[in-house]
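Residue-level structural notes
Given next are the chains, with one letter for each unit.
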Amino acid sequence: MGPGAGASATGAGARRRRRRRRLRLAGLVVCAAVVAAAGAGWAVYAKLEGNITPDEAAAAELARYERERPTPLVRGARNILLIGSDSRSGDDNARYGRDSGTARSDTTILLHLAADRHSATAVSVPRDLMVQVPGCRRADGSRTEAAFAMFNHAYEAGGSACTIRTVEKLTGIRIDHHVVVDFHGFKEMVDAVDGVEVCLREPVDDEAAGLKLPAGRVTLDGEQALGYVRARKSLGDGSDTGRMERQQRFLGALVDKVQSNHVLLNPVKLYPLLDAATSSLTTDPGLASLRGLYQLARGLRGIPTERVRFLTVPRESYARDANRDQLVEPAAGNLFERLRRDEPVAVAAGDYGAYGRDSGKSREMPSGELPRASSPAPTFSGNTAAEDGCV
C-alpha cells in the first residue's frame, strides 16, 4: 500500500508529531520555570526567615514569672511591645556614640490591636517615667534588685524581658509579642520605602543630629529620619514630650506611606521592606518567622489610617524631680483599663485628659470607678496616621 496522507513527511501526521514535540517542549519549559520559581521562592523565604533573631532568653525568663503575669481579657486582641534600642553595637551604630556594652530603650511603644482589627492604638511610654522595675536577670546571669527608677533602666538592667515585666506591672496589660529594633534597622526600613514625608514648620540645622533641612514638606531618607526622631535641642521645645510626639507623627506618616503605596500587596515593594525589617529585628519566638510577621502585618493591613491612633501615657513632672515624669491618675489607669478590655479611645490635638479637655488630668471619679463600655470613648492628646502635619 502506498503511503497515505497520514504517512507523508509533509502531511497532517508530520504536523501532529511536530505539534506534540512543541507541546512536550513547552511543558518541560513550564515545569522548569515552576521548579526554578519554587526554588527561588524557597530561597527568598529561607533568607528572610533566617534574618529574624528569636529572643529565646526573654521567652525563658518570662516563663519563670508566668504566674505573676496579667491574664488576657479579650480573645483575639493583641498587645505588642515595640522597643527601639539605643545600642551602639552592630552595623553602622557606632557613629551614634561609644558602645558601653549596655543599651537602654530609646523608644518604647505599646501597640494594641483591637480584636476585630478595625483599630490600632500605639501608646508611647516615656523613658524618663518613674516606675517600679522588678528584679531582673542580667545577660551574665546575675540578678538585679527591684528598684524605683526611670523606665529605660529596665532594658539596661534585664533587656526585653525586664522591660516587658515592667510594662505589665505598670499597666496590668498582658504583652503578647515584642519586637526590638536598633538604629540601623530603623534607617533601613525607611530607605526600603523610598523615604517618608514629614512637614517642618521651620528650617532645621542641627549638626549633632546630622540634619540640615528646609521648612515645609520634606522626604527624609533613613539617616535623616533617625536624626529627626531622636533630635531634641533643635526641634520643638527640646523636651522628651516633643520628641515622642514627633516620633508618633513620623510613625503615622510611615504607616500612611506603606498603606497608600500598597507595599503590603506588592511583592516587588514588599521584599525590600521585609529584608530590611527582618535583618534588624529581634522578636519573641512566636513572631520570629515570616508566618508570624505576616499574620501581624495582615492584621494591620485593613485598618484605616484614621483608626491608627498615637498617644502618650498621661503623665506630668515627677514631684521630686522636674526632669522626670510620673503618671497622672486616674487618667492613666483608665487608659490601661480600656486597652485591657479592648474598648475604644479617641485622640485629638491639644491638651486632653481621660474624660475631656482640661489641664492634662482627668476629671475626678469615685475611687476604682470606670466608665461603662457604652459610654463615649475618652479623648487623649494625640494624633492619627491620617493627619497631615502641614495642615
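Structure: see above.
Now for a look at the structure at hand.

The rules behind these values
Residues numbered from 1 in each chain as written. Predicted model: local features only at pLDDT ≥ 70, side-chain atom pairs only at ≥ 80, totals over all residues. Heavy atoms only, no water. Helix = DSSP H or I, 4+ residues; strand = E, 2+ residues; numbered from the N terminus. Buried < 20%, exposed > 50% of the residue type's maximum accessible area, 1.4 Å probe, protein only. Contact = heavy atoms within 4.5 Å. Areas by Shrake-Rupley, 256 points an atom, 1.4 Å probe, with all protein chains shown as cover. Pairing = 2+ DSSP bridges. Disulfide = S-S within 2.5 Å. Salt bridge = Lys/Arg side-chain N within 4 Å of Asp/Glu carboxyl O. Arc of directions from axis to C-beta. Phe/Tyr/Trp six-rings, centres within 6.5 Å; stacked < 30°, edge-to-face > 60°. Lys NZ or Arg CZ within 6 Å of the ring centre and 35° of its normal. Axes fitted to C-alpha atoms, helices over the stretch in contact; angles between N-to-C directions. Parallel < 35°, antiparallel > 145°, perpendicular 65-115°, else oblique. Left-handed = near helix turned anticlockwise from the far one by under 90°. Nonpolar A, V, L, I, M, F, W, Y, C, P; charged D, E, K, R; others polar.

1. Digging into the overall build of the protein
Per the secondary structure count, the protein includes 9 helices and 17 strands. Taking all 391 residues of the protein together, 45% fall into the buried category. Counted over contacts in the protein with a minimum sequence separation of 6, partners at least 24 positions apart contribute 66%. Approximately 20,200 Å² of the protein is accessible, and the part contributed by carbon and sulfur atoms is 53%.

2. Remarks on the pairing of strand S8 (residues 196–200)
Only one face of S8 is covered, namely the face carrying Val196, Val198 and Leu200; the face carrying Glu197 and Cys199 is uncovered. Sheet topology note: the S8/strand S11 (residues 216–220) ladder contains 5 bridges and is antiparallel. Following the sheet pairing, valine 196 is matched in S11 by leucine 220.

3. Section: the state of the cysteines
What the rule picks out here adds up to 1 disulfide. What pairs with cysteine 136 in a disulfide is cysteine 162, and their sulfur atoms sit 2.1 Å apart. Here the disulfide of cysteine 136 and cysteine 162 is right-handed, its torsion about the S-S bond being about 75°. Note that cysteine 136 is positioned in the loop between strand S5 (130–133) and strand S6 (147–150) and cysteine 162 in helix H3 (residues 153–171), a separation of 26 residues in sequence.

4. Details of the pattern of salt bridges
Going through the model one piece at a time under the given rule, you end up with 13 salt bridges. Two residues, glutamate 61 and arginine 64, come together in a salt bridge whose shortest N-O distance is 2.5 Å. Here the residue glutamate 61 and the residue arginine 64 both occupy positions in helix H2 (residues 56–64), the gap between them amounting to 3 residues, near one helical turn. Taken together, the salt bridges that share partners define one network made up of Glu66, Arg69, Glu168 and Arg174.

5. Side note on H2
Because the α-helix completes a turn every 3.6 residues, residues three or four places apart line up on one side. Listed as buried for H2 are Ala58, Glu61 and Leu62. The arc that holds the buried residues of H2, viewed along the axis, is 100°, so those residues lie on one side. Across from the buried face of H2, at angles greater than 90 degrees, the exposed residues are Ala63 and Arg64. Contact partners of the buried residues in H2: H3 and strand S7 (177–181).

6. Some remarks on the packing of aromatic side chains
The full count for this structure, using the stated rule, is 3 aromatic pairs. Ring centres of phenylalanine 148 and tyrosine 318 lie 6.1 Å apart, and the angle between their planes is 55°; on these two criteria the pair is classed as tilted. One end of the pair, phenylalanine 148, is in strand S6; the other, tyrosine 318, is in strand S14 (residues 315–318), and 170 residues separate them in sequence. Judged by its relative accessible area of 42%, phenylalanine 148 falls in the partly exposed class. For tyrosine 318, a relative accessible area of 15% gives the class buried. The interplanar angle of 50° and the centroid separation of 6.3 Å between the aromatic rings of tyrosine 228 and phenylalanine 250 together place this pair among those described as tilted. Of the two residues, tyrosine 228 is situated in helix H5 (residues 222–230) and phenylalanine 250 in helix H6 (residues 240–260); the sequence distance between them amounts to 22 residues. Considered together, tyrosine 228 and phenylalanine 250 belong to a single accessibility category, that of buried residues. An aromatic cluster of at least three residues, connected via ring pairs, comprises Phe186, Tyr228 and Phe250. Across the ring face of tyrosine 65, the terminal group of arginine 165 is positioned such that the distance to the ring centre comes to 3.6 Å.

7. Observations concerning the packing of H2 against H3
Close contact between H2 and H3 brings their axes to 8 Å; oriented N to C, the two are set at 40°. Looking at the two axes, H2 sits oblique to H3. The handedness of the crossing between H2 and H3 is right-handed. Across from Ala58, Glu61 and Leu62 in H2, the residues of H3 making contact are Ser160, Ala161, Ile164 and Arg165. For the contact of H2 with H3, the per-class residue count stands at 4 nonpolar, 1 polar and 2 charged.

As far as function goes, none of this settles anything; it's purely spatial.
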